[in-house]
Amino acid sequence: SASNIVVLYWHRTDLRLHDSPALHAALALKPSVFIPVWTWDPHYVYRARVGPNRWRFLLECQSDLSKSYTKLNPKQKLWLVREAPQTVLPKLWKKWGITHLVFEKDTDPYARERDEAIVRLAEEAGVEVVVRMGRTLFDPDELVSKNGGKPTMSMTQTEKAAEKINRGQPDRPLETPKGVPDPWGKDKMNLSDLEHEIADPTPDLNADHRGSKDKQYSQIMGPNNDFGVPTMEEIGIDPALATTPHRGGESVALKMLADHIANEEYIGTFEKPKTSPAAFEPQATTLLSPYLHFGSLSIRKYWWDVQDVMTKRRKAKQPNTFVPVNLPGQLLFRDMYFAAQAAVGDPFARVHGNKIVRFIDWHLQSKPPRPAEKDEDAMEDDEEALPERDYEIDSPEAEEWFQRWKTGRTGFPWIDALMRQLRSEGWIHHLGRHSVACFLTRGGCYISWERGAEVFEELLIDHETSANAGNWMWLSCTAFFAQFYRCYSPIAFGKKWDPNGDFIRRYVPELAKFDKKFIYEPWKAPIADQKKWGCRVTNDDSAAGGQSYPKPMFDFDKRRQICLDSMKNAYDVGLHGNDEQVLDGSWRKL
Ligand code: FAD
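Small disclaimer: the values here were computed from a predicted structure and weren't measured.

## Here we look at the packing of helix H9 (residues 250–262) against helix H12 (residues 299–315)
Then, number 1: At a closest axis distance of 10 Å, the pairing of H9 and H12 adopts a crossing angle of 15 degrees. When the axes of H9 and H12 are compared, the pair comes out roughly parallel. The handedness of the crossing between H9 and H12 comes out as right-handed. Contact residues: Leu254, Leu257 and Ile261 in H9; Lys301, Tyr302, Asp305, Val306 and Val309 in H12.

Structural data, given as structure tokens:
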């Protein structure tokens, strides 16, 4: 007895089949026709900063999911539709006679706005919408409400709020579906009669690494009219630019998780501050963050698999570490930032209008956004444009420092190794992120955390707006954390973890032959040794007569003192991102 239920399942933050509350709800409707889609949203394509590594990781997650669907039902796959959801979904539900639209809840500011519009359109069209949470341990909105409606600004607050939800326990994972219904037949699935609309994608923040925009999404079903996963070429990226060794997909994620879980000693004694930022192949932490980002790993499964190991160890009287340094604590950190962002909304990832962020008079500072024009046409234009922040500089060196930080040419090998690992692989250890973020902001360059967060947004394969902006505020001591007198040394910190400098040798190969005595401070090595080790420390490449590595771009001890004094002063002035003087620029007169 076939139902008349036709479900459009909209994948976004959930590129998985296991433990998906939304997918579970969709299948519980017992549809006669089931169509799982991904819509290539121009917002993601053009306005989010996405480097080649994350592009490829996403495509791999999609391919893997598509194959898993086909395994469940040979007629199925992930149907990739190239157009903005706001314009394409109404066309799809008309063409395919959709009765129900189902998706996972997303509390990111852009997603909320988009989804509200979609829900309105669906209601107008008589399509029922089903939304389920599944991206975090707890619903961020619920955490906020249990935190008195306020942003969660500490782990203590987050733990207390979680305690009020279900004694701090997320729901147990749901079963993976053993089958899915068919889509429509070939003829009805065909969309070639639909008009294809592409919003004008200017400005294209990804133009740097992507070719001509005209080339893209020329057909709603893709170049082969088969709703296939795009190739790197289709989205205009040279595949050679995607150098990360990390592979995307639910199958990879589940295998990685299972391998970690099998190592019960590792799970039970995991203490984040004791894991080394200099470890590579393998890295010291789980590297599951990119899978959580794309939803190819369920965070609840991760949490419960860890919890079950810890319970077993407890029963066997083996020690476990505690929140927040253990793995459940790490996962709760992620929820803390999600909930903080859910409460603050759109200004969370920037300074202006953000009530939780301290205002600092950085050398390189974002300008207040241009006031929106009153006239309606102009307002629309404004919505289309604006993503690129304007910056102003009060120090001639700051822009150069920023560029050198970004490209791994600061002359501090520890920082450069990390920034080069970030660029080539898309992932660096948490304490490595601490090092480079502190160095760019309050512990060296005195450049706004927004600038750094943009670079991370482009380069990280695990980029998550809430975690990225939240951690950048933390490290720059502008929110969440305030001990600005505690600063990471670009020399001593790395040396403590890796006295031999193996991490530097790997990612800054020109220094590979340096004696460990000089590897963190190569500018101190005698010229004769530099020659012997095949690399001159100089800013004048032509004089090097071969390999060279730059001199440090400043005297770190001097810069640290300047930063400390400036931070103290800014804290005394005590402005926040939503204060008048910040919004109108008059802070300069204070
Ligand atoms: P593990 O140590 O194995 O931890 C397990 C999981 O816990 C992670 O996968 C992650 O989901 C979560 N987690 C751990 N620490 C944090 C944290 N501080 N904040 C949020 N979640 C955490 N993480 C992102 O997922 N996306 C980002 O864009 C991001 N940007 C960051 C920017 C800066 C400046 C800093 C200092 C940290 C950032 N982090 C971000 C947090 C953290 O560095 C990564 O989550 C972690 O290094 C991922 O590696 P892992 O999976 O091996 O972590």
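## Thoughts on the packing of H12 against helix H13 (residues 327–344)
Then, number 1: The N-to-C vectors of H12 and H13 enclose an angle of 155 degrees; their axes lie 9 Å apart at closest approach. The angle between H12 and H13 places the two elements in the roughly antiparallel class. Viewed along their axes, H12 and H13 form a crossing whose handedness is left-handed. Two secondary-structure elements touch here, H12 through Ile299, Tyr302, Trp303, Val306, Gln307 and Met310 and H13 through Leu327, Pro328, Leu331, Arg334 and Asp335.
Then, number 2: Looking at side-chain class alone, the contact of H12 with H13 contains eight nonpolar, one polar and two charged residues.

## Describing the site of the ligand
Then, number 1: Taken together, 30 residues are adjacent to the ligand, and Thr285, Thr286, Leu287, His430 and Asp462 come closest.
Then, number 2: Interatomic distance of 3.5 Å between a side-chain N/O atom of arginine 433 and a nitrogen atom of the ligand.
Then, number 3: Glutamate 464 places a main-chain nitrogen or oxygen 3.0 Å from an oxygen atom of the ligand.
Then, number 4: Relative to its unbound accessible surface of 810 Å², the ligand loses 99% to contact with the protein.
Then, number 5: Of all the elements in the fold, those that place two or more residues in the shell around the ligand are helix H11 (289–293), H13, helix H17 (430–440) and helix H19 (465–475).
Then, number 6: Considering every element that reaches the shell around the ligand, the biggest residue donor is H13, with six residues.

What counts and how
Residues numbered from 1 in each chain as written. Predicted model: local features only at pLDDT ≥ 70, side-chain atom pairs only at ≥ 80, totals over all residues. Heavy atoms only, no water. Axes fitted to C-alpha atoms, helices over the stretch in contact; angles between N-to-C directions. Helix = DSSP H or I, 4+ residues; strand = E, 2+ residues; numbered from the N terminus. Parallel < 35°, antiparallel > 145°, perpendicular 65-115°, else oblique. Left-handed = near helix turned anticlockwise from the far one by under 90°. Contact = heavy atoms within 4.5 Å. Nonpolar A, V, L, I, M, F, W, Y, C, P; charged D, E, K, R; others polar. Near = heavy atom within 4 Å. Polar contact = N/O pair within 3.5 Å; in protein donor to acceptor, adjacent residues only side chain to side chain. Areas by Shrake-Rupley, 256 points an atom, 1.4 Å probe, with all protein chains shown as cover.

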